[in-house]
Structure formats: structure tokens, C-alpha cells
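Now for the letters of each chain:
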Amino acid sequence: MIPMVDLTTLRPELRAEIDVGIKDVLDNGQFVLGPNVGAFEEEAAAYLGCSHAVSCASGTDALLLAMRAVGIGPGDEVITTAFSFFATAEAICLAGAVPVFVDIDARTFNLDPCLVEAAITPRTRAILPAHLFGQVADMSVLNEIAERHELLVIEDCAQAFGARHGKRKAGTLGQAGCFSFFPSKNLGAFGDGGLVGTSSEAIARELKVLRNHGSVQRYQHRVLGYNSRLDELQAVVLRAKLRYIEEDNAARRRVACGYDELLAGLDGVTTPYREMDGYHVYHQYTILAERRDRIMAALEGAGIACAVHYPVPIHRQEALRHRYPGLQLPVAERIAGQCLSLPIYPGLNDEQIQQVAAAVRGAISA
Ligand SMILES: *Cc1c(COP(=O)(O)O)cnc(C)c1O
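Residues numbered from 1 in each chain as written. Predicted model: local features only at pLDDT ≥ 70, side-chain atom pairs only at ≥ 80, totals over all residues. Heavy atoms only, no water.

### Description of the overall build of the chain
And step 1. The secondary structure content of the chain amounts to 11 helices and 15 strands.
And step 2. Residues counted as buried form 55% of the 366 residues belonging to the chain.
And step 3. Here the analysis covers contacts within the chain between residues at least 6 apart in sequence; of these, 70% occur between residues at least 24 apart.
And step 4. Approximately 15700 Å² of the chain is accessible, and the part contributed by carbon and sulfur atoms is 51%.
And step 5. When the 34 basic and 43 acidic side-chain charges of the chain are each reduced to a single mean position, those positions are 2 Å apart. (Helix = DSSP H or I, 4+ residues; strand = E, 2+ residues; numbered from the N terminus. Buried < 20%, exposed > 50% of the residue type's maximum accessible area, 1.4 Å probe, protein only. Contact = heavy atoms within 4.5 Å. Areas by Shrake-Rupley, 256 points an atom, 1.4 Å probe, with all protein chains shown as cover. Lys, Arg positive; Asp, Glu negative; His and termini not counted. Charge placed at Lys NZ, Arg CZ, Asp CG, Glu CD.)

What follows is the structure, given as C-alpha cells:
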């Protein structure tokens, strides 16, 4: 059996460190907004290269809090991608704003910057790209468009912890970068968690108020906020794991290189495109397959997991499709029918990589 991701094996040194950290939290009894959360925020900001990192309860909340913190709300439009996890657009709606979907680049699966300007209206407030599968969107062009039209840029970095665009890390390329620590993400907690990175002191301050019931001072509530905090136990886990993220991401890249080589030139299969000036962290290794069903059946037969990320673009989801009756996004729709993610995680070994590739090859040549 080869799973999509293996969340049961931890480095032994990590396990020991987390055990001690958890015991300390239980002993001192401070479970919410304690010293580990503060320390993790400082360590995350230093790692990412931004001045502030404010943690919260999930990646979805990170997006919602970031939008609220910059003042996005009812009447505002936010340009985003329909080829992402649902939460990207869900958070825009939860903030009271309207997602305006733009099609993607067929090679990178990220927002196609060439289509963004045509979607700008007087109500547009922000561009919200998602760095899908661990590869940063074309931020040079997106930032240039944003500057020209005085728009904000909020990054959905849920799949891109540690990814880079040139020398800068995902999450530091716009006004706010939103991360998820859902267990299967590149930096995963033992439950839900999220974080917003920003270099604006004002945004950081607002995020801290919003995540804690709009409270500036105990029992004084300036605005309606949320109960959205990272807890100390998750912060213990994340502090320990943060120290291995570069190693883990490098291991994911090694797996991806293995697949790239073993699947090269296969008829009807396109391996993931890698931007020259970026550092892809392969949250997913997603191929395009003309005969996806055959490959999925072959993998299943060989005891190898696979997944479709994502089978239904967001504008076609039941929750939202009534708002976008005539909208067609041909690239996103075509790719939703062809994409297939193969197992990828730091501990996947060469033999397993070969097994997966052999099953894919077998399905094509059979
Ligand atoms: C996981 C994910 C989210 C949501 O994060 P949660 O922590 O699960 O709320 C948002 N956007 C993308 C692209 C994701 O992959």
C-alpha cells in the first residue's frame, strides 16, 4: 500500500521534542495564546521574511481574517481562481465580498495574469491568487497589475509553505499571505491551524483584534470578530516541525524529480511544469492524463492511492453555481477533467516512486 500522504511517521527526534513540549503545556495550564504561540509567530515571521505573523484557527480563517483586516467586505469584488480548494472562494464570500473568477494558466494551474485586467471593475478591491500545489503564481505580473489599479494582493499560501518566487517566500509577496496548517499540508499540525504573514503593522494589529472577538482590551469589543486562535498544543507541534520544513520540502522535490524522470515522454501524460525562477514545494504532484480513468484503475489495482485535485471548479460547485450561470472557464474545466495527483510526501522512497511510475506506465501501454 502506498498512501497519498503518510501522517503516521514522525522523525524520532521530532516525536521526543513534541512529547516534552506537550507535557510542558499540560503542566503550566496555559492552552490559548500562550508562550508557544508567541514564539511560533516570531519564528514563522523570521522564516518567511516578513515583519509579522499572526496565527489563527485554520487556513480558511487566515483568508477571512486577512480580508477583514484590510477592510474588504460587502460591495467589494475579489479576483481569484476557480481551480483551487473551495475555501479560497468560500472565504471571500464569508467576508461578504464577491469572488470574480478568472481562468488559469494551463501549465501552472495558477491564475492566468493575462486575463486579470479584463476582470477589473470599479468595485474590485483585491487579487487573491492561490499558489496551487506548492508553486507560486506569477506574482511579478499580478503585483504590477495590482499596483497599476491600486488593488490589494492577498495570497492563498495554504499549499505553499516554503515556496519561493525568486528570493522571496510565498506569503511575503502581497499585503497578506495566508497559510493553513491542516495536517496534510507541507507544514502540518496535529489538527487545524492557520497563519497570516504581513509586513504591515496596522494589518497585524487588526488581525490580532479580529481573531480574538474584536477585542482590543479584555471585555472591550471594538468590532465583531471571531474566535479564531491557534492553541498552544498545535504551536508546540508547529515550532518543532518548522525546523525541518526546508528538509521536508527538499525531500518532496526529490520525489517530484523522480516522477519527472520516470514519467517523461509518456503518451497522453503531462508532468507538472516548473517555473524557472521559482521554488516549487510540491504539496501535490499533479499530472494531466488524457486517460485518467485507466490510470486511476491501474493505481488502485496496485494498491497505490491517488486523488483528483480538483474534480469540480469552484464556479460549478452547488453552493455557488447559481451565482455564475453563464460563466465558462475553459482551461479550469478541461484540467478538472484531466488532473491526477500521485502520492507525494517526504518519506516516499525510491522503490515506491518506481512502483507508482510503473503502474502509471503500465496503464498507458496496456
Ligand atoms: C487547505 C486549503 C485552504 C483551507 O485551509 P484550512 O486550514 O483547511 O481551513 C485554503 N486554500 C487552499 C488552496 C487549501 O489547500
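Structure's up, so let's keep going.
### Topic: the site of the ligand
And step 1. Close contacts around the ligand come from Ser 58, Gly 59, Thr 60, Ser 84, Phe 85, Ala 87, Thr 88, Asp 156, Ala 158, Gln 159, Ser 180 and Lys 185, and that covers them all.
And step 2. With respect to the ligand, the backbone of Gly 59 contributes an N or O atom lying 2.7 Å from an oxygen atom.
And step 3. In this structure, an oxygen atom belonging to the ligand sits 2.9 Å away from a side-chain N or O atom of Lys 185.
And step 4. Here the ligand has 380 Å² of accessible area as a free molecule, and 91% of this is covered by the chains.
And step 5. At the level of secondary structure, the elements contributing two or more residues to the shell around the ligand comprise helix 3 (59–69) and helix 4 (87–94).
And step 6. Residues of the shell around the ligand, tallied by class, amount to 3 nonpolar, 7 polar and 2 charged. (Near = heavy atom within 4 Å. Polar contact = N/O pair within 3.5 Å; in protein donor to acceptor, adjacent residues only side chain to side chain. Nonpolar A, V, L, I, M, F, W, Y, C, P; charged D, E, K, R; others polar.)

### A look at the packing of aromatic side chains
And step 1. Inspection of the entire model under this criterion finds 13 aromatic pairs.
And step 2. The interplanar angle of 45° and the centroid separation of 6.3 Å between the aromatic rings of Phe 85 and Tyr 310 together place this pair among those described as tilted. Highlighted residues: Phe 85 in the loop between strand 2 (77–81) and helix 4 and Tyr 310 in the loop between helix 9 (292–301) and helix 10 (330–336), separated in sequence by 225 residues.
And step 3. Residue Phe 85 is classed as partly exposed on the basis of its relative accessible area, which comes to 47%.
And step 4. Taking relative accessible area as the criterion, Tyr 310 reaches 14% and is therefore assigned buried.
And step 5. Among the aromatic residues, those joined into a cluster by ring pairs are Phe 40, Tyr 47, Phe 161, Phe 179 and Phe 181.
And step 6. Lying over the aromatic face of Tyr 273, Arg 107 brings its terminal NZ or CZ to 4.2 Å of the ring centre.
And step 7. Against the face of Tyr 279 rests Arg 253, its NZ or CZ located 3.9 Å from the ring centre. (Phe/Tyr/Trp six-rings, centres within 6.5 Å; stacked < 30°, edge-to-face > 60°. Lys NZ or Arg CZ within 6 Å of the ring centre and 35° of its normal.)

### Some thoughts on the nonpolar core
And step 1. Formed by 46 residues in total, the largest nonpolar core has its most connected members in Phe 83, Tyr 259, Leu 263, Tyr 285, Ile 295, Leu 299 and Leu 342.
And step 2. Going through the elements one at a time, helix 4, helix 8 (245–263), strand 14 (285–289), helix 9, helix 10, strand 15 (339–342) and helix 11 (350–365) are the ones with two or more residues in this core.
And step 3. Per element, the largest residue contribution to this core is 7 residues, and it comes from helix 11.
And step 4. In contact with Tyr 285, not counting residues within four places along its chain, are Ala 256, Tyr 259, Asp 260, Leu 263, Thr 271, Pro 272, Leu 340, Ser 341, Leu 342 and Ile 344.
And step 5. Membership of the second largest hydrophobic core comes to 42 residues, among which are Phe 40, Cys 50, Cys 157 and Phe 181. (Core = buried A, V, L, I, M, F, W, Y, C linked by side-chain atoms within 4.5 Å.)

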